[in-house]
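Take a look at the letters that make up each chain.
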Amino acid sequence: MKKRIRDYIKQFFLIDDTPHKVAGGAAMGVFMGITPGEGVLITLFFAYILRLNRLSALAGVLAVNMWTTVITLPVAAALGGFIFRVNPQALSNDFHEAFNLGWQYLFSWNILRETAIPLIVGYVIEAGIIASIVYFSLLYFLNKRKKVTKKEHLLADEKLEK
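Here the structure is a predicted model, which means the values were calculated and not measured. (Residues numbered from 1 in each chain as written. Predicted model: local features only at pLDDT ≥ 70, side-chain atom pairs only at ≥ 80, totals over all residues. Heavy atoms only, no water.)

> An account of the overall build of the protein is needed here, citing residue identities and associated values.
Scanning the protein from N- to C-terminus turns up eight helices and zero strands. Going from the N terminus to the C terminus, the protein shows its helices and strands as α-α-α-α-α-α-α-α. Across the 162 residues of the protein, 33% fall into the buried class. Of the accessible surface of the protein, which amounts to about 11,300 Å², a share of 67% is contributed by carbon and sulfur atoms. (Helix = DSSP H or I, 4+ residues; strand = E, 2+ residues; numbered from the N terminus. Buried < 20%, exposed > 50% of the residue type's maximum accessible area, 1.4 Å probe, protein only. Areas by Shrake-Rupley, 256 points an atom, 1.4 Å probe, with all protein chains shown as cover.)

Structure, rendered in structure tokens:
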């Protein structure tokens, strides 16, 4: 029984996957880690549903989960403020004030319309851009590594023939 559980966990987090699945999992993890309210379990769920690599998704979400809020909030406020024509500094300050007042006030229609929606749109755009950069750069490096490995194997085969 213990061996079955260990084998299942090993298979669940298998990293020996295609470059697309590994890069896609990492990009989805980064996207979910940047957007507010998304966590590790929902990331693993979506990675399973979309058949992406779960280990790279977990690494992506843990790499950017909570600590990047300090960096991403001003950028998300700037993007959301630009799109909705709202002052980004006021948007960020309104969010902090509403958050400090409590959950009941945070989910009121005025706060959702004036603060939360512009911030969420900013976060989604920012997370999409960063996740795209992660996906394409990781895909490039994984494909380059795969070609080098194939080349080494080809050279090894030639050496054996001589």
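The rest of the description comes next.
> I'd like to hear about helix α4 (residues 54-64), residue by residue, with values.
Those residues of α4 lying buried are Arg-54, Ser-56, Ala-57, Leu-58, Gly-60, Val-61 and Val-64. The opening residue of α4 is Asn-53, an N-cap whose side-chain oxygen sits 3.1 Å from the backbone nitrogen of Leu-55. (Polar contact = N/O pair within 3.5 Å; in protein donor to acceptor, adjacent residues only side chain to side chain.)

> Tell me about the packing of aromatic side chains, residues and numbers included.
As enumerated under the stated definition, the model contains three aromatic pairs in all. For the pair Tyr-135 and Phe-136, a centre-to-centre distance of 5.1 Å together with 75 degrees between the ring planes defines the contact as edge-to-face. Residue classification places Phe-136 among the exposed residues on the basis of a relative accessible area of 54%. Here the aromatic rings of Tyr-140 and Phe-141 are separated by 5.3 Å at their centres, their planes lie at 70 degrees, and the arrangement is edge-to-face. The exposure class of Tyr-140 is partly exposed, given its relative accessible area of 48%. Classification of Phe-141 by relative accessible area gives exposed; the value is 52%. (Phe/Tyr/Trp six-rings, centres within 6.5 Å; stacked < 30°, edge-to-face > 60°.)

> Can you tell me about the confidence of the model for the protein, naming the residues and giving the values?
Put simply, the protein has an average pLDDT of 80, and 77% of its residues get 70 or more. Scored below 50 in pLDDT, residues 153-157 makes zero contacts in the model with residues more than four places away or belonging to other chains. (pLDDT = per-residue confidence, 0-100. Contact = heavy atoms within 4.5 Å.)

> Could you give me a rundown of a nonpolar patch on the surface, with the residues and numbers involved?
Taken together, the side chains of Phe-82, Ile-83, Phe-84, Ile-117, Ile-125, Ile-129 and Ile-133 present a nonpolar region at the surface, about 660 Å² in accessible area. Listed by contribution, the elements that provide at least two residues to the nonpolar patch are α5 (69-84) and α8 (109-161). Here the nonpolar patch takes four residues from α8, the largest share from any one element. Inspection of the secondary structure puts Phe-84 in helix α5. We classify Phe-84 as partly exposed; its relative accessible area is 36%. (Patch = residues over 30% accessible without salt bridge, like charges linked within 9 Å, V, L, I, M, F, W, Y side chains within 5 Å. Salt bridge = Lys/Arg side-chain N within 4 Å of Asp/Glu carboxyl O.)

> Can you tell me about the nonpolar core, naming the residues and giving the values?
Val-30, Ile-34, Val-64, Leu-73, Ala-76, Ala-77, Leu-91, Leu-119, Tyr-123 and Ala-127 together form the largest nonpolar core, which totals ten residues. Within the residue set of this core, elements represented by two or more residues are α2 (19-34), α5 and α8. In this structure Ile-34 touches Val-64, Thr-72, Tyr-123, Ala-127 and Ile-130, once residues within four positions along its chain are discounted. In this structure, Met-28, Leu-44, Ala-47 and Ala-57 belong to the second largest nonpolar core, which totals eight residues. (Core = buried A, V, L, I, M, F, W, Y, C linked by side-chain atoms within 4.5 Å.)

> Account for the packing of helix α3 (residues 40-49) against α4, naming residues and giving values.
Closest axis-to-axis distance for the α3/α4 pair is 9 Å, and the angle between their directions is 150 degrees. By the angle between their axes, α3 is roughly antiparallel relative to α4. You can see that α3 and α4 cross each other, and the crossing is right-handed. Mapping the contact onto sequence places Val-40, Thr-43, Leu-44, Ala-47 and Tyr-48 in α3 and Arg-54, Ala-57, Leu-58, Val-61 and Leu-62 in α4. Grouping the amino acids of the contact of α3 with α4 by side-chain chemistry returns eight nonpolar, one polar and one charged. (Axes fitted to C-alpha atoms, helices over the stretch in contact; angles between N-to-C directions. Parallel < 35°, antiparallel > 145°, perpendicular 65-115°, else oblique. Left-handed = near helix turned anticlockwise from the far one by under 90°. Nonpolar A, V, L, I, M, F, W, Y, C, P; charged D, E, K, R; others polar.)

> Just give me the short version of the side chain of Thr-35, but keep the residues and values in it.
You can see Thr-35 is positioned in the loop between α2 and α3. A polar contact is formed between the side chain of Thr-35 and the backbone oxygen of Met-32, at a distance of 3.3 Å. Excluding residues that lie within four positions of it along the chain, Thr-35 makes contacts with Tyr-123, Val-124 and Ala-127.

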